[in-house]
Structures are given as structure tokens and as C-alpha cells.
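Survey of secondary and tertiary structure
In case you want the letters, here they are:
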Amino acid sequence: MDKSNNLPLRMREQIGDRTESQLVDSKSNLKTNEEDNSVDIGSIRMDPNIEYAEYQASGQGLSSSARISDDGRIIISLDLKKKLPDIPLDYAREVREFAVDDKTWKDVPSMNIVIMIVGSRGDVQPYVALGKKLLTDGHRVRLATHETFRSFVQEAGLEFFNIGGDPQALMSYMVKNPGLMPGFESATNGDIGRKRKMLTEMINGCWRACHQPDDNTGESFAADAIISNPPAFAHVHCAEALGIPLLLTFTMPWSPTKTFPHPLVNINTSNAEPGLTNYLSYALADLLTWQGIGDIINDFRKKTLGLSILTLRSGAGLVDRLKIPWTYCMSPTLIPPPQDWKNHIDVVGFYFLQLGTSYEPPADLAAFLADGPPPVYIGFGSIVVDDPNAMSKMIFEATAQASVRAVVSAGWGGLGGMDIPAHIHILGNVPHDWLFDRVSAVVHHGGAGTTAIGLRMGRPTVVVPFFGDQPFWGMMIHKGGAGPKPIPHKQLTIENLRDAIKFAISPGAQRAAKSMAEKIKHEDGLDKGVNSFYKHLPLLNMRCDLDPRRLAVWWSTKYCLKLSAFAAQVLVDARCFDMKELDLHRSKEYDSRKDITDPITGGGSAIFWTVTHYYAGIAQIFYNPGKGIINTTTAIPKGVMDIVTSIHEGLHNAPKLYGSTVREQGNVTDFASGMKEAGKGFFYGYYDGITGLVREPLEGAKKEGFIGAIKGSARSFVNVNMRPAAGAVGLVAHPAQGAWKSIRKLWQREPQQVQRETRISDGADAAQRSSPAEHAAILDAFQKAKASTGARRKEYAKRAEEVIIETQETTSGEADGHTTK
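Here's what I pulled together on the structure shown here. The shown structure was predicted, so the numbers you read here are calculated from the model rather than taken from an experiment. (Residues numbered from 1 in each chain as written. Predicted model: local features only at pLDDT ≥ 70, side-chain atom pairs only at ≥ 80, totals over all residues. Heavy atoms only, no water.)

1. What about the pattern of salt bridges?
In total, this model carries 22 salt bridges according to the counting rule given. Lys 83 serves as the salt-bridge partner of Glu 273, at 3.3 Å between the closest nitrogen and oxygen. Of this pair, Glu 273 sits in the loop between strand S13 (265-270) and helix H8 (274-305) while Lys 83 is found in the loop between strand S6 (74-80) and strand S7 (94-96), placing the two residues 190 residues apart along the sequence. With relative accessibility at 28%, the residue Glu 273 sits in the partly exposed group. Close ionic contact of Arg 140 with Glu 159 constitutes a salt bridge, the shortest N to O distance being 2.5 Å. Of the two residues, Arg 140 sits in strand S9 (residues 140-145) while Glu 159 sits in strand S10 (residues 159-162), which places them 19 residues apart along the sequence. The pair formed by Arg 140 and Glu 159 is uniform in burial state, with each residue classed as buried. (Salt bridge = Lys/Arg side-chain N within 4 Å of Asp/Glu carboxyl O. Helix = DSSP H or I, 4+ residues; strand = E, 2+ residues; numbered from the N terminus. Buried < 20%, exposed > 50% of the residue type's maximum accessible area, 1.4 Å probe, protein only.)

And the structure:
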């Protein structure tokens, strides 16, 4: 009996008849039906059989495990069964991103951008700065995050959308489960169920942020592009459903590299080479995460978005496999970009939001700062501290023993709240860019935002990490000489805090911090971040064909034109066509179920599975990595698919015109069935054409004697060319038809209708605000474009065929044993 059949769907390597022998082990006895695994804890559904804090995989090439330690780090072990060389320096390939504009990428039409951010204020603040910058470029920017930050976002002039979730509860959970995944205590006290419920709420909130009206003004909204940090989780699935570009962004490394391991990972044991070990650490982090949330993601994809569900292989590492572009808003001074991060990954520098320029401090703070030497800043921001009184006493005593004054931020941890010594001042909400210019050193949790502003101000830094990327930043600061080794919060004592403060105020740490500050000030991360977003957009497929200054939101099959909301409204008003004839334009497609032919193109997860199962010829991947360029997925308008399909149907049915019979074609309902029919059509096209040289004359002779044989011979000579041609075109047409039938299932009716209504409304508004000359320009451009409709139709059909043939070639590579799904 196949062991894979006992696993929930999200934990299978593949789905359906092509499921491989499942080699994933779990301590639990997982059942077949995911819904049957779930139990209700109040209104929370979770699987009591899942070992959320541990993942194991075993194959003939590799045994591996990942587990959550007591301090929240992901501990991994790798045991290669056969020795492999390390990943070569030049293994990574350049990425050919779809429809990017290498020349005029700064000419970006105004669009609606939704920025999805899950986390604390320190996570949100950099993207408020980014949003303000995009706003000045003429875009409409919606920041989708937690209700707690509504006023903060709106005061910056950005639109706010509440995705749900309580960041304070999230921070409390993270302190208990620092590695983003739950430990044993959380598995028994209900924390997992509450976190999964919150995650479900936030994922659905991110989807609503893409298409629901503003809850303050009622103004309609339709997202044209998504920017997101990884913990939002909904990002790539929303982009796939909508067919719009996605840019991922983060404050710490999240893309596989051989240069260093995943920031949340500690390597326990490994007999693999260092580069391969580091690279596989990202895959194991992805697999452990997918094990915990894959059912939530699949439920969201199937029930909310109408997308197909994903497996262990296709779900974990999806972003890496699809080569989604990244912009890391972290300093290249601290983290130089690894050599194997190719052209779709940028490291631009920190994003700073200037809040202190107009800040006026309260009188007591101003008096304290003026009453002695610059104090040390101590604060843990959004961290929820278990025992605020004990932490406060520790801080008071350590600073006294270090002979320094200190300003202490109460934060969400509620520090203070007792008799305050004279050398201590308790702070409320004070802008860091104002305050850090007036202190001698900073002690904090190591959040990326606080770290960035402290280093920019040239302040030595003591990091007391609680979870996530905080230990990573602490080590980066220490390596640069600007602070001591990070002190995990559970190990913090009066003595080691005192010694760390003394290190921070030493001349050596002061010099190192000032050196870092000079470099960071010249990085201009915010401008580079905006440019990175623009450079990765598929602008060649986003601009209106009649007015490239405007964004294309409609597709006309009849004229093969991409049209802006304004252009479409002008043409409808002029009775050039009806709005019902237009389809929503999809500027970027994401083939989440696409097979890959070699692990290098598939990224970390693909290499992980290849090494685990040790497919034939695996060593060649490392000795001779494939060269060339990886193509990202392509957007092909539905109308083009109709063109390719109609050409095939004409060729397939042509033999009927001169008396030959044709094979009945199978029903194409989705991409998989389309590929099946393509293969059948191609084979039987040649088979029927060649065998017809004998069969057609014989059948003709049976019906009409000698004359019938002559007619049959004539038919056979035509068929020997026509049938293979039909089969060849079918290689394109059937998958194309299936792909578009699959895509048509993507939408539930309500979101699609809302999207159409929004686009129509936008077009009507634009038409009312525009001048007669602008209307005339659109009509004139349309008349000129009509004359070249045929040429555009052929060009689009050619592009579509190239894409589908490439897909067919990729799928046919399954037989070589190197594919993953």
C-alpha cells in the first residue's frame, strides 16, 4: 500500500496518479482526509495529529530533520547517504523577467498599489516611508495591515485597510515561540489554534485589501500591483488569482543562498559541504512552515480564490520556484548581496521615515537630557515582556553599575511602573530619529527598524533578541564591531547587561558605529527601493496600447489591444464596441503547478527533493550546473488563446471537407487535460497521416471501387500533410485552451464582478475629467490601431505558441526523473 495515501493532501509530494513513493516521515499517524483530521477548539480548527514543531524527511540520498528548539530557533540536521560536491560558485542562473522594460522603466503609469505588512510597528514603519515615496510619484497606495496602525498610516497620507490580527497578541506569541513556529508549550495550551485562527483572518484580510472599497471614504479599489513582506503569506496567491505583479520585500534574508544559512536556522549536524548545507537550510525552513500552515493556504486557494491546491513540493518554496522578484530593505554595508542572488533580487538599503523633524519633546524629557551626559537608550518596542517589573529592576541596577544615565522606553512591555531612580527617565512614544541623535548608545531587541536608525545615527548597539531576525541583526552588528555579542532575553542578567553597556560606550565601539553610519547615510535605500519596484514590473504588458501613459486594465480580443479604463470608456461612448466585449487584463501570470526539468531552476526546495531521492545523474548538477537564463511566467490574453484554438480546430476538421473521417477529441477542462489531448493529437496526427496512405485507398475502393481508390489516394496525400500539421498546432492549442479554462475557474463571481465594476467606474470618472482633445487623441489612435489588427493578432499568436511549446517541452521532461511538482 502506498504510504503517501495516508497523508493529508498538503503533505504529499504530488497529487493524483503521478504521486511518487512518499518518503516523508512524521511522528504522527496522519490520516487521508485533511478535514477529518481537524478538531474544533472553540471556533478554532486544527489537526491534533500534526507535529507542528518538527519535520523529517528520508530518502536514498538524504535524511534530514528540522525542529524548533526551546529558544525558538530552527535546528536542522542533514545526513547525506552519498557524498556530493558543494554547489559551484556559478550555479545560479540569470532570470529573464517577463515584459520588463530595460530602457524606459521609470515611465510607470499611475496605478493602485496594495502593500501587505504583517508584524509590529517596526515592520510597518519602513513601508509607510515607501508608500509616501510612491504617493509622490502619482500612485494610489493602500497599506494593508493591523487595525492598531490605522492612525499611523493615515497620518502619513496613505490609505489604510484592516487585515485583522492583533499585533500585540502576535508579539506575545512570538516571544513564546521565537522561531515563528510553535514549541511544545504552545502545542498544549491552545496557542497554535489561536495563531492559526489569526493567520486565517489575516490571509483573508489581505485578499479583501485587493478589491474592497475604502472603509473610510467608500471609494472603490482594484489592485494593480502587490508589495508584501513574507509573513503576510497571502501575497503570491492573491497575485496569481488577480494576474498582477508581485514584489516581495523584507528586512532580513529570505532567499536561498549558499553564502549563509537561513537567519532562523541553527545547523546541528551536517555531512554536506558548507554551501549545500546553507542552501538546504532555506528549503527545510519552508517545509516546516508549510507543514504548519499548508492546509490554511490550500483552503484559502480553493474556497476563496478558486485556485488549485498545492502539495508539499509545489507549496513549500513556491516563491523561490516562481522567481518572484525581491527588494531587501537592509543595508548592503551590513549584508553584502550574495553572488548567487541574481538579477531578480536587490539589496537596496534601509527605508527611513523621518518623524523627528518637527518633534517637540515634553519638558521633563528635555530637562533630563540637558541635566548630564548623553544617556543610554533602552527599549524593547513592541515586545511583550513576561515580567515587566523584574526586567525594569534589572535595567535600573545594570545601568547603575555601569555608571550611565538611561532613558527607558515603556513600550508594549510596560517597563517602569515602580520607583524610578534618579539616573533613569521613562519614555513614552518618542521618534527614534530624534532621540537617537541625543544618546550615547542604544540597547534594544534588534528589530530591523530600530537597528537601522540606531546605526544610521552612529550609535553603538546592544541587541537583546527575543525572536525572528533579531539574533541575526545582533550578530551582524557584533561582526562589524559596533556592539557586543547579542544576549538572548532569557539569558539577560544584571552582570551581562552591565558589561554589554560598557562595551557599547567604549571608544572602539563608538568608532565602528560612526564608520557604519557614514556608509549607511550614502546608500539612499528608499529611492533605490522604489526604483527596484519599477524595474521588476512587467511594464511592457501594463501600458495601454493607445496611450502608454495610462495603465492597461482591459483586453480587446477583437482588436488585440490592451486598453486603459479611460480609453475603453471613450471607445464605448463612441460606439466602437460594447464593454461586454472586453475582458479584464491580466498583466502577469504565475504557474504555481508548473513542473521543472532541473533542480537549479526550481531553487532550494527542488534541490532538496533531488538530493533526498538521489535521482540519476544528480552529481552532474553540481559538477556542471546548467547555463542559460530562467524565464519567468508569461501573461497571455484570453483572446490570444481563442485565436490559437480556432487555428487548431480548423486544421483538425479540414479532412471532413474532402470526405475523410477525423478522430473525436477529448474534453479539455483544464491545463492537465489540455496537455493530455495535445500529446494524443500530435501522435495520432502523424499516425493517421502515414497509415492513411494505405487505409484511405482501401476504404475508398470498398465504397466506390476503382474511382473510390483514386479518391482515397488523393485524400491520403492531403492528409499526410494536414493531419500532422493539426497535431503540431494542437500541441499549442490544447494546452492553451486548458490553461485558459483553468484560469477562468480562478475567480469567484463576486470578486470578478467587483473588479469589473471598479474598472468601469474608474473609466467613467477619467472620461468626465478629461478634455475633448484627450478623447479625440484616443479615437485617432484607435483608428490607426485598427489597421494593424491582423499583424498584432499574428504576433500575439506567435508569442502564445512559443510559451505553450516551452511549457510542453518542460512537461515532457518528466521522463528524465529530474522533475519536481
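2. Thoughts on unusual backbone geometry
For residues that are not glycine, phi is negative in most cases, and the peptide bond is trans in most cases. Phi angles above zero are rare outside glycine, and Ala 99 is one such case at about 60°. Residue placement: Ala 99 occurs in the loop between S7 and strand S8 (112-116). Classification of Ala 99 by relative accessible area gives buried; the value is 15%. Non-glycine residue Phe 233 carries a positive phi angle of around 65°.

3. Here's the deal with the sheet that holds strand S11 (residues 225-228)
Neighbouring strands of a sheet are bound in pairs by backbone hydrogen bonds; such pairs are parallel or else antiparallel. With parallel pairing, the seven strands of this open sheet are ordered in space as S10-S9-S8-S11-S12-S14-S15. At either margin of the open sheet sits one strand with a lone partner, and together these are S10 and strand S15 (345-347). Put simply, the sheet's adjacent strands are angled 20° from each other on average, direction ignored. For S8 and S11, the ladder comprises four bridges, and the chain directions are parallel. Counted as the bridge partner of Ile 115 is Ile 227 from S11. Helix H2 (residues 121-136) rests against S8, S9, S11 and strand S12 (246-250) of the sheet, and its axis sits at about 165° to S9. (Pairing = 2+ DSSP bridges. Axes fitted to C-alpha atoms, helices over the stretch in contact; angles between N-to-C directions. Contact = heavy atoms within 4.5 Å.)

4. Some thoughts on the packing of aromatic side chains
Inspection of every chain in the model, using the stated rule, returns 18 aromatic pairs. Taken together, Phe 260, Trp 326, Tyr 328 and Trp 341 form an aromatic cluster joined through their ring pairs. Across from the ring centre of Phe 152, 3.9 Å away, lies the NZ or CZ of Arg 121, which sits over that ring. Just above the ring of Phe 221 sits the side chain of Arg 142; from NZ or CZ to the centre is 4.1 Å. (Phe/Tyr/Trp six-rings, centres within 6.5 Å; stacked < 30°, edge-to-face > 60°. Lys NZ or Arg CZ within 6 Å of the ring centre and 35° of its normal.)

5. Here we look at the environment of Leu 322
Structurally, the position occupied by Leu 322 is in helix H10 (residues 318-322). Note on Leu 322: relative accessible area 9%, which makes it buried. In this view, Leu 322 contacts Val 236, Tyr 590, Asp 591, Ser 592 and Thr 632; residues no more than four positions away in its chain are not counted.

6. Details of the sheet that holds strand S18 (residues 424-427)
What the five strands build is an open sheet, ordered S18-S17-S16-S19-S20; its pairing is parallel. Whereas interior strands pair on both sides, the edge strands pair on one side only; in this sheet they are S18 and strand S20 (461-463). Along the sheet, successive strands turn relative to each other by an average axial angle of 15°, direction set aside. The sheet contacts of helix H11 (residues 363-370) involve strand S17 (406-409) and S18, and relative to S18 the element is tilted by about 145°.

7. Some thoughts on H8
For H8, with 32 residues, the first-to-last C-alpha span of 40 Å runs short of the 46 Å given by 1.5 Å per residue. For H8, a buried count of 26 out of 32 residues is recorded, marking the element as mostly surrounded by other parts of the structure. Of the residues trailing H8, Gly 306 is marked for its positive phi of about 75°. (Expected span 1.5 Å × (residues − 1).)

8. Observations regarding the environment of Val 153
Take Val 153: it is sitting in helix H3 (residues 150-155). Here the alpha-carbon distance between Val 153 and Arg 142, two residues 11 residues apart in the chain, equals 9.3 Å.

9. Some remarks on the environment of Lys 521
Residue position: Lys 521 is located in helix H17 (residues 507-521). Of the residues examined, Lys 521 reaches a relative accessible area of 46% and is grouped as partly exposed. It is 9.4 Å that separates the C-alpha atoms of Lys 521 and Gly 349, two residues lying 172 residues apart in sequence.

Remember that the coordinates give geometry; whether it matters functionally is a separate question.
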